Amino acid sequence: MNNSLTSRAKKLFINVLMLVISCMWLIPIWMMMIYATHPDNVIFSGELVFNPGTDFLKNFAILQGKQDFSMAIFNSVIIAGVSTLLGLLVASMAGYALARFAFRGRNTLFALIIFILAVPSAAIVIPEYIIVVKHMGLSNNYAGVILPYLANAVGVFFMRQSFLNLPAETLEAAYLDGASEWKIFYSIALPIVRPALASLGIILFVAHWNDYLWPMLVMTSEQYQTAPIALGRLIGLANIEWGAMMVGASLMTVPFLLLFLILQKQIIAGITSGATK
């Protein structure tokens, strides 16, 4: 009886703790969305406001008037979506090859990938800019933002570790039954590691969606700017439209929330898979 009460008390404590942590994470997001519906004088009044206002459309009009934010959102969706899909394809194929095939130089290649993980991305911005913009002429071009980050070292490492956990007997049985390597990869290996793909997809999408430095360097024309760049340009020397900025930040949050809601089962499965093996 005492053990049962202790177990219930632990579960209750954990649930309350997780509720508090969730509120600490959700309240700022809620306040951001609330302030998107109020004028600047309410934001700077010093009082916490939890009820929505009526100035959302006015703030959006200010945002759209200063920047073509709808076009910026469209550019971000294209860049983040295509980069994520192609990045998942490259990472899964490279990870599968490193995990399944024994070829000369495999360990050296994997060591190079580990080394790349330790190199700060800012350290290679200048060489990338020279190659992509100066030599390839991809300024103000979606390809200029997407191509340099298709072979993501984090993604390759992540997928290699996932494919290493696959049962070798299943893959070998499919090979003996006459299945091609591509068929094994597409029909057997990928469905098994679907939770890992979903988790990596979230990581890649958020990284590309929030990327500021590289798109700012490549997309110099306002027509091709992404949403983070458009928000950054709202900050002036003398005036900042905080209501409009809250609207833009709220709109930027929506695609990520939708993606998480769509993939939440796979993400939870990927998080808990290690505990159930």
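First, a word on what this report is: a plain description of the structure on this page. (Residues numbered from 1 in each chain as written. Predicted model: local features only at pLDDT ≥ 70, side-chain atom pairs only at ≥ 80, totals over all residues. Heavy atoms only, no water.)

**Focus: the overall build of the protein**
Then, number 1: A count of helices and strands for the protein gives 14 helices and 0 strands.
Then, number 2: Listing each helix as α and each strand as β along the protein from the N terminus yields α-α-α-α-α-α-α-α-α-α-α-α-α-α.
Then, number 3: What you see for the protein is a C-alpha radius of gyration of 23 Å, clearly larger than the 19 Å of a compact globule of 277 residues, by over 25%.
Then, number 4: C-alpha extents for the protein along the principal axes are approximately 75 × 70 × 30 Å.
Then, number 5: Residues classed as buried in the protein amount to 33% of the 277 residues present.
Then, number 6: Pairs at least 24 residues apart make up 72% of the contacts formed inside the protein by residues separated by at least 6 positions. (Helix = DSSP H or I, 4+ residues; strand = E, 2+ residues; numbered from the N terminus. Rg over C-alpha atoms; globule rule 2.2 N^0.38 Å. Buried < 20%, exposed > 50% of the residue type's maximum accessible area, 1.4 Å probe, protein only. Contact = heavy atoms within 4.5 Å.)

**Brief notes about the nonpolar core**
Then, number 1: Formed by 24 residues in total, the largest nonpolar core has its most connected members in Leu63, Phe69, Leu231, Met246 and Met252.
Then, number 2: Among the elements of the structure, helix H1 (2-35), helix H4 (69-100), helix H11 (194-210), helix H13 (227-232) and helix H14 (242-276) are those that each provide at least two residues to this core.
Then, number 3: No other element matches H14, which puts 6 residues into this core.
Then, number 4: When neighbours within four sequence positions are excluded, leucine 231 is seen to be in contact with Leu63, Phe69, Met245, Gly248, Ala249 and Met252. (Core = buried A, V, L, I, M, F, W, Y, C linked by side-chain atoms within 4.5 Å.)

**So, the pattern of salt bridges**
Side chains that differ in charge, positive against negative, can pair when their charged atoms come close.
Then, number 1: If you walk through the whole model with that rule in mind, you get 1 salt bridge.
Then, number 2: A salt bridge links glutamate 181 to arginine 100; the nearest nitrogen and oxygen atoms lie 2.5 Å apart. Note that glutamate 181 is positioned in helix H10 (residues 181-192) and arginine 100 in helix H4, a separation of 81 residues in sequence.
Then, number 3: Take glutamate 181: its relative accessible area is 24%, and that puts it in the partly exposed class.
Then, number 4: Look at arginine 100 and you get partly exposed, because its relative accessible area is 23%. (Salt bridge = Lys/Arg side-chain N within 4 Å of Asp/Glu carboxyl O.)

**Structural notes on the packing of aromatic side chains**
Then, number 1: One pass over the structure, following the stated rule, counts 10 aromatic pairs.
Then, number 2: Ring geometry for tryptophan 182 and tyrosine 186: centres 6.2 Å apart, planes at 15°, overall stacked. On the criterion of helical spacing, the pair formed by tryptophan 182 and tyrosine 186 is a turn pair, its members being 4 residues apart in helix H10.
Then, number 3: The class for tryptophan 182 is exposed, based on a relative accessible area of 52%.
Then, number 4: Grouping aromatic residues by their ring pairs yields a cluster made of Tyr96, Phe101, Phe163, Trp182, Phe185 and Tyr186.
Then, number 5: One Lys or Arg, arginine 160, reaches over the ring of phenylalanine 110 and ends 3.8 Å from the middle of that ring. (Phe/Tyr/Trp six-rings, centres within 6.5 Å; stacked < 30°, edge-to-face > 60°. Lys NZ or Arg CZ within 6 Å of the ring centre and 35° of its normal.)

**Some points on a nonpolar patch on the surface**
Then, number 1: Together, Phe101, Phe103, Leu109, Leu112, Phe115, Ile116, Val119 and Ile124 make up a nonpolar patch on the protein surface, roughly 670 Å² of accessible area in all.
Then, number 2: Given the relative accessible area of 54%, phenylalanine 115 is considered exposed. (Patch = residues over 30% accessible without salt bridge, like charges linked within 9 Å, V, L, I, M, F, W, Y side chains within 5 Å. Areas by Shrake-Rupley, 256 points an atom, 1.4 Å probe, with all protein chains shown as cover.)

**Some words on the environment of lysine 10**
Then, number 1: Its place among the elements puts lysine 10 in helix H1.
Then, number 2: For lysine 10, a relative accessible area of 56% gives the class exposed.
Then, number 3: Measuring from C-alpha to C-alpha, the distance between lysine 10 and arginine 160 comes to 37 Å, with 150 residues separating the pair along the chain.

**Considering helix H8 (residues 153-164)**
Then, number 1: Here H8 contains 12 residues, and its C-alpha end-to-end distance of 17 Å stays within 8% of the 16 Å for a straight helix at 1.5 Å per residue.
Then, number 2: By the burial criterion, the buried members of H8 are Ala153, Gly155, Val156, Met159, Arg160, Ser162 and Phe163.
Then, number 3: Put simply, asparagine 152 is the residue that caps the front of H8, since its side-chain oxygen is 3.0 Å from the backbone nitrogen of valine 154. (Expected span 1.5 Å × (residues − 1). Polar contact = N/O pair within 3.5 Å; in protein donor to acceptor, adjacent residues only side chain to side chain.)

**Regarding the packing of H8 against H11**
Then, number 1: Here H8 crosses H11 at 165°, and the two axes come no closer than 10 Å. One finds that H8 runs roughly antiparallel with respect to H11. H8 and H11 meet at a crossing whose hand is right-handed. Across the interface between the two elements, Gly155, Phe158, Met159 and Ser162 from H8 touch Ala196, Leu197, Ser199 and Leu200 from H11.
Then, number 2: Taken together, the residues of the contact of H8 with H11 break down into 5 nonpolar, 3 polar and no charged. (Axes fitted to C-alpha atoms, helices over the stretch in contact; angles between N-to-C directions. Parallel < 35°, antiparallel > 145°, perpendicular 65-115°, else oblique. Left-handed = near helix turned anticlockwise from the far one by under 90°. Nonpolar A, V, L, I, M, F, W, Y, C, P; charged D, E, K, R; others polar.)

**Concerning the side chain of serine 92**
Then, number 1: Residue position: serine 92 is located in helix H4.
Then, number 2: Residue classification places serine 92 among the buried residues on the basis of a relative accessible area of 3%.
Then, number 3: Polar side-chain contacts of serine 92 include one of 2.8 Å to the backbone oxygen of leucine 88.

Worth remembering: the numbers are spatial, not functional.
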